[in-house]
Amino acid sequence: MRSSIRARAFPVVVSLGLILAACGTQQSSSGPSGSGAPSSTLTGGTVKVGIGGFPDSLNPGNGLLSESYTLYELVFDTPIALAADGSYVPELATEWGVSDDGLTWTLTLRDDVLFHDGTPMTSEDVKFTLELYRDTADFPYLPSYPDVFHTIEAPDPTHVTMTADSPIGNFESRMAFIYVLPKHIWKDVKDPVAFENEEMIGTGPFKLKKNVQDESTELVGNPDYWKGAPFVDGVIFQTITNGDARVAALTNGDIDLIVDLPTTAVPGLNNAEDLEVVLADPVSGSLRDIIFNQIDPSKCPKDDGGECTGHPALRDVAVRKALATAMDKEQLITVGQSGLATPGLTLVPPGLGDYYASEVTDYAFNTDAANQMLEDAGYVDSDGDGIRECLPTQDCKTGDLTFRFNYADDIDSAPAEAELIQGMWSDVGVKIDIQGLDADTLTSVCCPAFDYDVMLWGWGSDPDPQFLLGVALCGEISTGFSETGYCNPEYDDLYDRQGIEPDHDARVALIHEMQQILVDEVVYVIPYYDQVVEAHRTDTFTGWSTDVAPLGLEDPAQLSILRPTE
């Protein structure tokens, strides 16, 4: 999902969304052990969290932004969860296994789980949820998780079987975002996409109390939670769009935690009384990306709202390669992220281990080389105004290489980064007109409208690379999942093959080949992989995770085990 750290998110669309939405960890009512364990024995209190965006949907099927997925992790449970060490652990499922032919998977479920309205959860709810996500094509993300299962059965209250046509090598990751819904509520919903899910009934540690659009979302603890009731009474997510205002609210004691804070504020917060700043690499990874509108006009999804107004020069890979070569990633990291990031390379972050194709060669920053690339491709500045003209064969409305450049305005560093890029590309005869947009508006011009030229956004990653790699599929152009309009049948074939490859090493090789294609064709430019930066108060609550990932809202379940400070 995008994160706006984009989640579109998830995507963490931004705040698009992975992903600040990571999976909950196992815990008991006695609290965790280790340095993050609460030193207090008190209970109660409401944790106030300052966030830059706002959830775009209470319906898990519709969620794009990371703020939404944070809510889903607190209100719903999934069959399988992701532990801090990257392993998959039981949640609603106590165990799982596959048949000898590798085609049929079986989940064994807990028998002591209640929905928030007191209704017992059974295998029928899990079956219904899987089929709903699989069969609702207009849901943006979740259909891609159960889509390989053609038959889903619930033979008894605690077992679910799922059968695919071919063996799969990523079953656990497919279950980690299956937010289980109550069949008794959703079965009567005629249009799942239009359903706003205002009551948000789940099985998770918190219940929805109040949701005020663009202002705040309030949750209360679930006293009947099967893992044990949260130690706190509730959580309030307060939307504060200005980064400096979020920092001030934390410093003044108006909120207890911020995770999307300006990195420039870190030194001052480090010296503040009763505050602690923690930095770490995300569990799965998150990234900033430059998105080029490169859709072929013949593939414009007009029936789905496609306008496809992108600048024609961006469909020329030579232009995209030149822009990648003219980008100084180190400067973006130093200025935009205060050095708290690592240079980006591919769409798969390093946090995904051997799936990350570190052997891929990046476009080294070289202004002279970038200028020569554009000259060789025929883009010249014949009138001496500093902006190169389009090719005679291109229908350029501006006549030159002037691009609209949009960014998600809940990314605190985006204005500074956009200005840096403006200067870098100006040095090679390319002009950009910068405009920040809120996440919803950016989504509306992005996908599947393709009514933009270049965008600056970000992704939070799943623990498995399949989700992020799916954004470049031909079939996702009309769904709104594809942001670039890129289409390559060879890439699609590799994607299909990796999805059913049970051998890990063979699957890794396919995924590396896909990343090479995306870099060779400059489908995206990844300026950097960012870190999780969290700041919290130490005089209000204790139990914050400080020396091990996941931090902050990477694992929203951490909020369940906070206790008031003595």
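For the structure, check the block above.
Counting restarts for each chain: residues are numbered from 1 in the order of the written sequence. This being a predicted model, a pLDDT of at least 70 is required before a residue's local features are given, and a value of 80 or more before pairs of side-chain atoms are given or counted; all residues contribute to the totals for chains, interfaces and linings. With hydrogens and water excluded, all non-hydrogen atoms of the structure serve as input to the side-chain values.

A. Just the overall build of the protein, in detail. In this text, helices come from DSSP runs of H or I with a minimum length of four residues, and strands from runs of E with a minimum of two, each type numbered from the N-terminal end. Scanning the protein for helices and strands turns up 14 helices and 21 strands. Radius of gyration here uses only the C-alpha atoms, and the compact-globule reference equals 2.2 Å multiplied by the residue count raised to the power 0.38. Relative to the globule expectation of 24 Å for 566 residues, the C-alpha radius of gyration of the protein, 23 Å, shows essentially globular dimensions. Dimensions of the protein, computed from C-alpha atoms along their principal axes, come out at roughly 75 × 60 × 40 Å. Burial classes follow relative accessibility: with a 1.4 Å probe on protein chains only, a residue under 20% of its type's maximum area counts as buried, one over 50% as exposed, and anything between as partly exposed. For the protein, the proportion of its 566 residues judged to be buried stands at 61%. Accessible surface computed for the protein: about 20,100 Å², of which carbon and sulfur atoms make up 47%. Each charge sign in the protein was given a centre, from 31 positive and 92 negative side chains, and these centres are 4 Å apart. Note on areas: these come from Shrake-Rupley sampling with a 1.4 Å probe, and a residue is covered only by the protein chains present in the view. The charge count includes Lys and Arg as positive and Asp and Glu as negative, but it does not include His or the ends of the chains. We put the charge of a Lys on NZ, of an Arg on CZ, of an Asp on CG and of a Glu on CD.

B. How the structure looks around unusual backbone geometry. A cis amide bond links C447 with the next residue in sequence, P448, at an omega value of 5°. In this fold, P448 is placed in the loop between α11 (439-446) and β17 (454-460). A positive phi angle, near 65°, is found at D274, a position not held by glycine. Of note, D274 is situated in the loop between α6 (266-270) and β12 (275-280). Look at D274 and you get partly exposed, because its relative accessible area is 31%. With a phi angle near 50°, S338 is a residue other than glycine that sits in the positive phi range. By the element assignment, S338 lies in the loop between α8 (329-336) and β14 (341-343).

C. View of the sheet that holds strand β15 (residues 402-408). Here, a strand pair is defined by DSSP locating no fewer than two bridges between the strands. With mixed pairing, six strands are arranged side by side in an open sheet as β14-β18-β13-β17-β15-β16. Each edge of the open sheet is held by one strand with a lone partner, namely β14 and β16 (431-437). For this sheet, the mean angle separating the axes of adjacent strands, direction not counted, is 25°. In terms of strand pairing, strand β13 (residues 286-292) meets strand β18 (residues 524-530) through four bridges, oriented antiparallel. Bridge pairing in β18 links L287 to Y529. Contacts are assigned to residue pairs with any non-hydrogen atoms lying within 4.5 Å of each other. Between the N-to-C directions of two axes lies an angle of 0 to 180 degrees, each axis being a line fitted to C-alpha atoms and, for a helix, fitted only over the stretch in contact. On the sheet, α11 packs against β15, β16 and β17 and is oriented at approximately 115° with respect to β17.

D. Expanded view of the sheet that holds strand β11 (residues 257-258). Spatially, the seven strands line up as an open sheet ordered β8-β9-β10-β1-β11-β19-β12, and their pairing is mixed. Two strands lie at the open edges of the sheet, namely β8 (206-212) and β12, each paired on one side alone. The pairing of strand β1 (residues 46-51) with strand β10 (residues 234-239) spans six bridges and is parallel. Bridging from a neighbouring strand, G50 pairs with Q238 of β10. Packed onto the sheet, helix α1 (residues 66-75) meets β1, β8, β9 (216-221) and β10 and runs at close to 15° relative to β9.

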